[in-house]
Amino acid sequence: MKQKILFIDRDGTILREPADEQIDSYEKFQFMEGCISTLAWIRKHTDYKFVMVSNQDGLGTPSYPEDTFWPTHQLMLDILRGEGVEFDAIHIDRSFPEEGLPTRKPGIGMLTEYLTEHYDLAQSYVIGDRESDRKLAENLGCHYLFPDWEKVRATVYGGSREAEVKRATKETDIVVRLNLDGQGEADIETGLGFFDHMLEQIARHGNIDLFIRCNGDLQVDEHHTIEDTALALGECLSKALGDKRGIERYGYCLPMDDCLCQVALDFGGRPWLVWDAEFHRERVGEMPTEMFLHFFKSLSDAARINLNIKAEGTNEHHKIEGIFKALARALKMAIRRDPDHYILPSSKGTL
């Protein structure tokens, strides 16, 4: 079996990074919250190889020659070792950015030994807090994880929950990509500004990375763009959830100014929509208000979820935005995984 690896950054990931970016004294020494317990748990429950990969310009100084590290580095290793966390390898590049060396992240010059048939990089992860870590993951062919340690534990144990769906008809051409364990990043273009804004709420408030591109027949009307986007998004959600092991399954409500919006959902595999929301304007932005019901019905069908939606209030914009935000919060709650109880949340044995 090929070896899987966690490539783990140091400063900002294991240790909290100070303003001057140099952990060169004990006063600056502090672990990131949840790091030690998570790494210890992963070490105990998985067979991942632990590899530290860090850029640390200036570590070699007259006080600390090139073949040594600051005492804080050794203290970190000693504390982690005492909790059962051993690193199988440590790679630290001490060059400065202006040198442009291939050993400096996101370059992979330090890591060529792992580019062999003995390692399963497609199932490996880079864990780090900077864009250079994200790019390193891309260069290695790994997944990237931001050091939200609760999410890291669930993702490393249960696997990544990323999916892509492409849907092309004579009416629309759509691509949807999502990561259920993302950071709420949204990159959405459907040709309908208000619709884009609503879909962004799902990403931001659900902590889901969401990419959507839709080229639809808006010269006809908005119907096909909204409906088909909902179908593609729902299919992508279902695909990313996989077998649903360990998820909370249920989610549910938030106020927005004059409005109270409630979205209860169940990823039980039986699509159903209960809709209790009235709109008195024909449009909000470029979006016909009659399409809101249609969007959520299509989403429910494609994702195979039970949706119960209720909204009350006077401002139509607030009402629909509240519904989308409540949906996002419900999704965030329902898709959360518990690695300590990694079972199917159903007495039937299937969802």
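Summarised in this report is the structure supplied together with it. Computed from a prediction, not measured in an experiment: that's the story for all the values here.

**Looking at unusual backbone geometry**
And step 1. Here the bond from K105 into P106 is cis, since omega is 10°, no more than 30 degrees from zero.
And step 2. Mapped onto the elements of the fold, P106 is located in the loop between β3 (89-93) and β4 (125-127).
And step 3. Of note, the phi angle at E21 is positive, near 65°, even though the residue is not glycine.
And step 4. Residue position: E21 is located in the loop between β1 (5-8) and α1 (35-45).
And step 5. E21 sits in the partly exposed class, given a relative accessible area of 39%.
And step 6. Phi at N207 is positive, roughly 55°, even though this residue is not glycine.
And step 7. For N207, the location among the structural elements is in the loop between α5 (193-206) and β9 (209-216).

**Describing the pattern of salt bridges**
And step 1. As enumerated under the stated definition, the model contains 29 salt bridges in all.
And step 2. K297 serves as the salt-bridge partner of D301, at 2.7 Å between the closest nitrogen and oxygen. With D301 and K297 both in helix α7 (residues 290-303) and four residues apart, this pair spans about one turn of that helix.
And step 3. By relative accessible area, D301 is classed as partly exposed at 34%.
And step 4. By sharing partners, the salt bridges in this structure join D9, K105 and D133 into a single network.

**A closer look at the pairing of strand β16 (residues 306-312)**
And step 1. Burial along β16 is one-sided: L307, I309 and A311 are buried, and none of N306, N308, K310 and E312, which face the opposite way, are.
And step 2. Pairing between strand β12 (residues 259-266) and β16: seven bridges, direction antiparallel. For Q262, the partnering residue across the bridge sits in β16 and is K310.

**Focus: the sheet that holds strand β6 (residues 162-168)**
And step 1. Strand order in this open sheet of four strands is β6-β7-β9-β8, and the pairing throughout is mixed. Strands at the two margins of the open sheet, each flanked by one partner only, are β6 and β8 (186-189). Averaged over all neighbouring strand pairs, the angle between strand axes comes to 5°, with direction disregarded.
And step 2. Note that β6 and strand β7 (residues 172-179) share seven bridges and pair antiparallel. Opposite R167, over in β7, you have I174 as the bridge partner.
And step 3. Most of the contacts of α5 go to β8, to which it runs at about 160°, and overall it touches β8 and β9.
And step 4. Contacting β6, β7 and β9, helix α6 (residues 223-241) runs over the sheet at an angle of about 35° to β7.

**A short note on the sheet that holds β1**
And step 1. Read across the open sheet, the five strands follow the order β3-β2-β1-β4-β5; overall the sheet is parallel. Strand pairing shows two members of the sheet lacking a second neighbour, β3 and β5 (143-145), which therefore form its edges. Going from strand to strand, the sheet's axes swing by 20° on average, the running direction of each strand aside.
And step 2. Pairing geometry for β1 and strand β2 (residues 49-55), over four bridges, is parallel. Bridging from a neighbouring strand, I8 pairs with M52 of β2.
And step 3. Along the sheet, α1 contacts β1 and β2; its crossing angle with β2, the most-contacted strand, is approximately 145°.

The rules behind each value
- Residues numbered from 1 in each chain as written.
- Predicted model: local features only at pLDDT ≥ 70, side-chain atom pairs only at ≥ 80, totals over all residues.
- Heavy atoms only, no water.
- Helix = DSSP H or I, 4+ residues; strand = E, 2+ residues; numbered from the N terminus.
- Buried < 20%, exposed > 50% of the residue type's maximum accessible area, 1.4 Å probe, protein only.
- Salt bridge = Lys/Arg side-chain N within 4 Å of Asp/Glu carboxyl O.
- Pairing = 2+ DSSP bridges.
- Axes fitted to C-alpha atoms, helices over the stretch in contact; angles between N-to-C directions.
- Contact = heavy atoms within 4.5 Å.

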